[in-house]
Amino acid sequence: MRLHRVVWESGAVQTALLVMFVVVVQIIVSLTRMQPSGGALVLWGVVFSLVPALLWLTLFYARDRLEPEPKGYVMGVFLLGALLASSVGIPLVRDVFRVREWLYQTPWGYLLGSILVVGILQEFLIYAAVRYTVYPTSEFDEWIDGIVYATAAGLGFATVLNVNCVIELGGARLVTAAIYCVVNALAYASFASIIGFALSAVKFRERAGQLALVLGVFIAAILNGLFFWVQRAVVVRGADYRPWNGLIAAVIMAAVIYGIVELLLRRSVALESARDARAAREEAK
Amino acid sequence: MNTQPRKSRYYAVVVFSALCLAAGWLVKTAVEGRTVRLVDAKSGVSLSYPASWLRLPEADAIVTVIDPQSPGPFSTSFTVRTGPLAGSQDPSNLAVQVSAERAHSLALYRTSSVEPVELSGVKGIRIEYAYAADPVGIAAGRTSIPRVARAVDVVVRRGDLAYYFTFAADDVAYAGVLPTFERILKSVTIHQGR
């Protein structure tokens, strides 16, 4: 069994690349003073929305050579995450729960609504994208698989949210759009890694019960709600809009979540290895 | 290694998520149901309007509130004002007078229904109508396409004083916000003013 350092390590590489992407956009905009408008602005926003997912998929395929996951499965889960976001997640939040009409009216309503409606709905859909597709198959045969597939679903979800936001706003300033897309990608990918770990735990650990999975989805939903609540607090300061603050908060949050998931994963794999070794010794006797 | 998930382990997530969404719906209902109570001692009018609506300063009205989340440039509004009203107490006479006032001040004023009502124990009339609204206007330095607005006047009369409760909304939003207007009307009480 591979003992992975991939969660924190690849998370760190991914995060560094995404921050570099934003810095590059900032430098290009500063040097060229480019200010696209109208359709060009929307187009740039859509391109920026795709960058985090493209970076992650490229990194994933570059690293996953020893025991590669089927490319079609990973891409399929990514696309399913995107499809669930556009066909279920966004319509339910916007048209059924109509969160824009009430979410921002009170601080308590914002926090509870962010967790119980937006957070739960989004994280459940990311969970479902893995649980009801690749999860029951024989391809889902390692602890790390839960994190890989859930991250793919989370990134698909984030990509559609980004594209949807850019189109709804009719574009945004280039650096702001780049930061927004990166923050969303980091957030949804790291929340998804928690769900992925829970899925693996329930599948590979005999003693893990229903509570592990419920906790996985609920913790991801709580983090989802809290994170965007904090984002709003650090980015919008009175009349000021400070997107870089949001990026810093997202990087810190992703580092902490990936670190915790890495620790949990290592501990679980070590426990399982010890158990297998003990079983092998007893068999040999 | 076990690779076949046991189905019984997974129902809890679905049930739990559904319960959370139900709780979220309750939060939505609680937030949307919040109201602000207005008591105007001078006119004796008190009523409750949605807490998310904004109160506008208007000199000739007891209160004017608008829904800031109205779709389009014409905001949903609710206004209460009083004014002297001469003539008989007869409701049909009241309807004629109110309609004449509206026809004078509103473009393409068209009445769709007139019926008697009783508000807080005071008899009056309810007139539903439509008109052409100019939400931005040339005066604001911009030109805009006129909107079809739909409105309701509930006018009750106490002595020589008429109480006007006016609700107006863009045609596309009207049906959706009419229940809110009805809730506001239900909350109205009219006492003898100072």
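The sections below set out a description of the structure shown in this document. Note that the structure is a prediction, hence the values are computed from the model and not measured. (Residues numbered from 1 in each chain as written. Chains lettered and ligands numbered in written order. Predicted model: local features only at pLDDT ≥ 70, side-chain atom pairs only at ≥ 80, totals over all residues. Heavy atoms only, no water.)

1. Focus: the pairing of strand S7 (residues 122-133) of chain B
Two faces belong to every sheet, and in a regular strand the side chains alternate between them.
All names here are of chain B.
1) Next: Judged by how many residues are buried, S7 sits mostly within the fold: 9 of 12 residues are covered.
2) Next: Two strands pair when backbone bridges link them, and strand S6 (residues 107-119) and S7 are joined in this way by 10 bridges, in the antiparallel orientation. The partner of Val117 across the bridge, within S7, is Gly124.
3) Next: With antiparallel pairing between neighbouring strands as the criterion, S6 and S7 make up a hairpin whose turn holds 2 residues, including Ser120 at a positive phi of roughly 50 degrees. (Buried < 20%, exposed > 50% of the residue type's maximum accessible area, 1.4 Å probe, protein only. Helix = DSSP H or I, 4+ residues; strand = E, 2+ residues; numbered from the N terminus. Pairing = 2+ DSSP bridges.)

2. A closer look at the pairing of strand S8 (residues 147-158) of chain B
Residue and element names in this part refer to chain B.
1) Next: Pairing between S7 and S8: 10 bridges, direction antiparallel. Bridging across to S8, Tyr131 finds its partner in Ala149.
2) Next: Inspection of the sheet shows S8 paired to strand S9 (residues 161-170) by 10 bridges, in the antiparallel sense. From the neighbouring strand, Asp153 faces S9, where its bridge partner is Thr166.
3) Next: Here S8 folds back onto S9, and the loop between the two strands holds 2 residues, one of which, Gly159, carries a positive phi near 65 degrees.

3. A few points about the sheet that holds strand S10 (residues 189-190) of chain B
Residues and elements named next belong to chain B.
1) Next: Spatially, 3 strands are ordered S1-S2-S10 in an open sheet, and the strand pairing comes out antiparallel. Among the strands making up the open sheet, the edge pair consists of strand S1 (35-40) and S10.
2) Next: Two strands pair when backbone bridges link them, and strand S2 (residues 45-50) and S10 are joined in this way by 2 bridges, in the antiparallel orientation. Paired with Ser46 across the two strands is Thr189, which belongs to S10.

4. Structural notes on the sheet that holds S6 of chain B
Residues and elements named next belong to chain B.
1) Next: Spatially, 7 strands are ordered S3-S4-S5-S9-S8-S7-S6 in an open sheet, and the strand pairing comes out antiparallel. Each having just a single partner strand, strand S3 (54-56) and S6 make up the two edges of the open sheet. Direction aside, the axes of adjacent strands within the sheet are offset by 25 degrees on average.
2) Next: Bridge analysis of S3 against strand S4 (residues 63-66) gives 3 bridges, and the strand direction is antiparallel. Residue pairing in the sheet places Leu54 in a bridge with Ile66 of S4.
3) Next: Contacts from helix H3 (residues 171-186) reach strand S5 (77-84), S6, S7, S8 and S9, with the element oriented near 145 degrees to S9. (Axes fitted to C-alpha atoms, helices over the stretch in contact; angles between N-to-C directions. Contact = heavy atoms within 4.5 Å.)

5. Points about the environment of Ala254 of chain A
Residues and elements named next belong to chain A.
1) Next: Relative to the helices and strands, Ala254 resides in helix H8 (residues 243-284).
2) Next: Remark: the alpha-carbon pair of Ala254 and Gly11, spanning 243 residues in sequence, is separated by 7.8 Å.
3) Next: Every residue in contact with Ala254, bar those within four places of it in the chain, is listed here: Leu186 and Ser190.

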